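# Reading the structure
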Amino acid sequence: MNTGSQPGVLPLLPHWKRGFSLIELMVALTIGLLLINGIVMIVTSSSHSYKELQKVSGQLENGQFAMKILADDIEHAGYYGQYYEVLFDPTSVPTNPCTTNPTTIAADVVVPIQGYDAPTGGTGLPCGLTDANHRDGTDILVIRRVDTVTTPLASLSPGKIYMQTRTGVAPKVAQASDVSTTNASMLDLTNKDGSVASIREFLVHVYFIRPYSVTAGDGIPMLCRLELTPYETTTTVAG
C-alpha cells in the first residue's frame, strides 16, 4: 500500500496556513495608504491651525501692549511735575511738535495733547513724516509731558531736553550740555530748603499709523511712535 503523497500534487493546507493572496495584499496596501494619507492631512491641518492661532494670539498680545502704552501716555499728558499753574490753551497750534528748541517747547506746554485730523497726500505731516510712512486718512496724535522719574542734575544726558519745576514758579526748560556747570546755571531753581528743584526729562511722543509692518508694500498697517531725541547742538534755556 502506497502511503506517500501523489507525485506533482501539493498538499492542501488549512486556510489559516495559506497566507495572503496578491489581491488581498494590494487591498491591504491601498487601505493602509488611505489611512496614512488621512493622518497626514489631519496633522497638516492641525499644524496650520496652530500657526494661525499663534499669529492671532501674537496680534492680540501686541495690540493690548500697544493700547496700554498709548493709554498710559494719554493719562500722563500734561504732567509737568510740581508745576500746576499751566493754563491749557486748546486754541494754540504748535508749529513743530518735534522741535528741540527749549523756548518753543516751553511755549507749547499749554497743548499737552495735539491731533492731526486724518491728513492725506503727504500734506500737513509733522516731524518729517513722509507719505510713504503714513497711512492716508489716519489721525496723528502728539503727547507732551515729563517723565514720572526725576533725574539728578549730575546725571543729565547731553542733548536731551529737561524741565525743572517747583510750585509757584515758572518752570525752566533746557537742553542738557556735557558741561555740568552749564547745566547747573541753566537749571538753577531751588526748593525752599535750598535743595535743587526736581528735574525731569521732557517727553514728546508722536503716534501715527504706518501703511506697512516690516517691509514697504506688505500691506499690514502698524501703529508707530516717534520720540523726541536730541539733534541740535545749540543749548538755550527758557523759563
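Residues numbered from 1 in each chain as written. Predicted model: local features only at pLDDT ≥ 70, side-chain atom pairs only at ≥ 80, totals over all residues. Heavy atoms only, no water.

Right, let's get into the overall build of the chain. Helix and strand counts for the chain stand at three helices and seven strands. When the elements of the chain are put in sequence order from the N terminus, they spell out α-α-β-β-β-β-α-β-β-β. When the 239 residues of the chain are sorted by exposure, 30% land in the buried category. Across the chain, every contact between residues at least 6 apart in sequence was considered, and the portion connecting residues at least 24 apart equals 64%. In the structure as shown, the chain presents an accessible area of about 15500 Å², 61% of it carried by carbon and sulfur atoms. (Helix = DSSP H or I, 4+ residues; strand = E, 2+ residues; numbered from the N terminus. Buried < 20%, exposed > 50% of the residue type's maximum accessible area, 1.4 Å probe, protein only. Contact = heavy atoms within 4.5 Å. Areas by Shrake-Rupley, 256 points an atom, 1.4 Å probe, with all protein chains shown as cover.)

This part covers the nonpolar core. Generally speaking, soluble globular proteins have nonpolar side chains that are buried together. Within the largest apolar cluster, 21 residues are counted, with the highest numbers of intra-cluster contacts made by Tyr80, Ile105, Val109, Ile140, Ile161, Met163 and Phe202. If one sorts the elements of this core by residue count, strand 5 (residues 198–210) sits on top with four residues. If we skip the residues at most four places from it in the chain, phenylalanine 202 touches Tyr80, Ile105, Val109, Arg144, Arg145, Val146, Ile161, Tyr162, Met163 and Leu228. Ranked by size, the runner-up nonpolar core spans seven residues in total, among them Leu156, Ala174, Ala176 and Ile199. (Core = buried A, V, L, I, M, F, W, Y, C linked by side-chain atoms within 4.5 Å.)

So, on to the pattern of salt bridges. Under the counting rule described, the total for this entry stands at six salt bridges. For lysine 160, the salt bridge goes to glutamate 201, with nearest N and O atoms at 3.9 Å. Taken together, the positions of lysine 160 in the loop between strand 2 (140–150) and strand 3 (161–166) and glutamate 201 in strand 5 put the pair 41 residues apart, joining distant regions of the chain. By relative accessible area, which is 30% here, lysine 160 ends up partly exposed. Of the charged contacts, one joins glutamate 227 and arginine 225 as a salt bridge, the two residues approaching to 2.5 Å between their closest N and O atoms. Glutamate 227 gets classed as partly exposed once you look at its relative accessible area, which sits at 45%. The network of salt bridges with common partners includes Asp73, Arg145, Arg225 and Glu227. (Salt bridge = Lys/Arg side-chain N within 4 Å of Asp/Glu carboxyl O.)

The backbone phi angle of alanine 118 is positive, close to 45°, even though this residue is not glycine. Tracing the backbone shows alanine 118 in the loop between strand 1 (113–116) and strand 2. Residues other than glycine seldom take positive phi values, yet cysteine 127 does so here, at roughly 60°. Following the sequence through the fold, cysteine 127 ends up in the loop between strand 1 and strand 2.

This brings us to the pairing of strand 4 (residues 169–175). Judged by how many residues are buried, strand 4 sits mostly within the fold: five of seven residues are covered. Inspection of the sheet shows strand 3 paired to strand 4 by five bridges, in the antiparallel sense. Note on strand 4: the bridge partner recorded for isoleucine 161 is glutamine 175. Linking strand 3 to strand 4, which pair antiparallel, is a turn of two residues; within it glycine 168 sits at a positive phi near 80°. (Pairing = 2+ DSSP bridges.)

Here we take up the packing of aromatic side chains. One pass over the full model with this rule turns up one aromatic pair. Geometrically, the ring pair formed by tyrosine 80 and phenylalanine 202 is stacked, given 6.0 Å between the ring centres and 10° between the ring planes. With tyrosine 80 in the loop between helix 1 (22–75) and helix 2 (102–107) and phenylalanine 202 in strand 5, this pair connects stretches of sequence that are 122 residues apart. Residue class for tyrosine 80 comes out buried when judged on its relative accessible area of 2%. The class for phenylalanine 202 is buried, based on a relative accessible area of 2%. (Phe/Tyr/Trp six-rings, centres within 6.5 Å; stacked < 30°, edge-to-face > 60°.)

As a further point, take the environment of methionine 222. Its place among the elements puts methionine 222 in strand 6 (residues 222–227). When its relative accessible area of 32% is taken as the criterion, methionine 222 is described as partly exposed. Sequence separation between methionine 222 and arginine 210 is twelve residues, and the spatial gap between their C-alpha atoms is 5.1 Å. Beyond its immediate sequence surroundings of up to four residues, methionine 222 is in contact with Phe208, Ile209, Arg210, Tyr212 and Ser213.

Let us look at the confidence of the model for the chain. Close inspection of predicted coordinates is inappropriate for parts of the model with low pLDDT. On average, residues of the chain score 85 in pLDDT, and 88% of them reach the 70 mark or higher. The model gives residues 232–237 a pLDDT under 50, and that stretch makes 17 contacts with residues more than four places away or in other chains. (pLDDT = per-residue confidence, 0-100.)

Right, let's talk about the pairing of strand 5 for a bit. The element strand 5 is largely enclosed, with a buried count of twelve among its 13 residues. Bridge count for strand 3 against strand 5 is four bridges, and the pairing is antiparallel. Within strand 5, the position partnered with threonine 165 by the bridge is serine 198. Relative to strand 6, strand 5 runs antiparallel, the two sharing six bridges. Bridging from a neighbouring strand, arginine 210 pairs with methionine 222 of strand 6.

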